[in-house]
Structure formats: C-alpha cells, structure tokens
Amino acid sequence: MPQLILRTAAGATRQVTLRPHDNTLGRGAHNDIVIESPQASRQHAVITVEAAFTTIRDVGSRNGTFVNGDRIESQTLADGDIIQLGSHEMSFVAGDQEFSRVEAQRIPTVPGFPADLDRDDDQAPTMRDVPHGPRGKP
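Remember, it's a predicted structure, so these values are computed and weren't measured experimentally.

Observations concerning the overall build of the protein
So, point 1. Across its full length, the protein holds one helix and 11 strands.
So, point 2. For the protein, the residues scored as buried account for 33% of the 138 residues in total.
So, point 3. Long-range contacts, defined here as pairs at least 24 residues apart, represent 35% of the contacts in the protein between residues at least 6 apart.
So, point 4. Of the roughly 9,000 Å² of accessible surface on the protein, a fraction of 49% belongs to carbon and sulfur atoms.

Details of the sheet that holds strand 2 (residues 13-17)
So, point 1. Sheet architecture is open: six strands sit in the order 2-1-11-10-7-8, paired in antiparallel fashion. Strands with a single pairing partner mark the edges of an open sheet, and in this sheet they are strand 2 and strand 8 (70-72). Looking at each pair of strands side by side, their axes are set apart by 30 degrees on average, direction ignored.
So, point 2. Pairing geometry for strand 7 (residues 65-67) and strand 8, over three bridges, is antiparallel. In the sheet register, Phe66 faces strand 8, and the bridge partner there is Arg71.

Calculation notes
Residues numbered from 1 in each chain as written. Predicted model: local features only at pLDDT ≥ 70, side-chain atom pairs only at ≥ 80, totals over all residues. Heavy atoms only, no water. Helix = DSSP H or I, 4+ residues; strand = E, 2+ residues; numbered from the N terminus. Buried < 20%, exposed > 50% of the residue type's maximum accessible area, 1.4 Å probe, protein only. Contact = heavy atoms within 4.5 Å. Areas by Shrake-Rupley, 256 points an atom, 1.4 Å probe, with all protein chains shown as cover. Pairing = 2+ DSSP bridges. Axes fitted to C-alpha atoms, helices over the stretch in contact; angles between N-to-C directions.

And the structure:
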C-alpha cells in the first residue's frame, strides 16, 4: 500500500499507510490524517488510492496544496513526490504502485481533460485561410 512520510516544521517524522479510496487531510480532528499546522485548513486535501495510481486533490484550502513545489488542484502522485500542506512536508512512497513521474504526469486527473497540454503553438488549431478582396473583404 502507498504511504506518506510526514515531517513537521520542527523536524518530527511519522509514517502513515494510506488506505484504499479517500484519505482526508487537514487540521480538523475528523480527518484521516491530521495536520497540526495553523496554515492547514480544517479540510485541506484528499488523497485517493486506487488500484493503479494515487491522486491528491485540494478541497478549496486557503493556503493551497503543493506537489514538488507547484501549487495544484489535482495531481497524480509518483514515488518520491514531495507534498506540502501548511508547514508540513510529506514524501509519497508508492509501495506496490510502480508509476514513474513521467507516467504519472500523463494520467489526466480531470475526467475528459487532455493530459498533454505542452504542445507547441504551431500545433494549435487555426482558422483556414480565407481569400480577401479589396479592402479586406472576402
């Protein structure tokens, strides 16, 4: 099973095994993983463990959720990713999920949303050329 290794700002660490399906993170005591940081929201993020991959989703937190230094809304996790919520930093350990970082980036996290947004401008759709007459009229 995938795991998180949590590190507080004070340097304390603990290891948490993620359970299948949703794992809630936040400052509130009702969360599966309680983040004791004033910068963490009561309900901050959800980590969803599925058979093939694990995703993290920010649930509208005030200070954001970061993966490898980038603020995210939703992100597929790869082994070794660093997650930051408030003053807590966590390392994701994939366990039996063997996705590389490149493979994880190719998995769309929003249904129907294309995973490859890094295309060159010359590949973007364009209008067909319309012949123009005098004064720019077709």
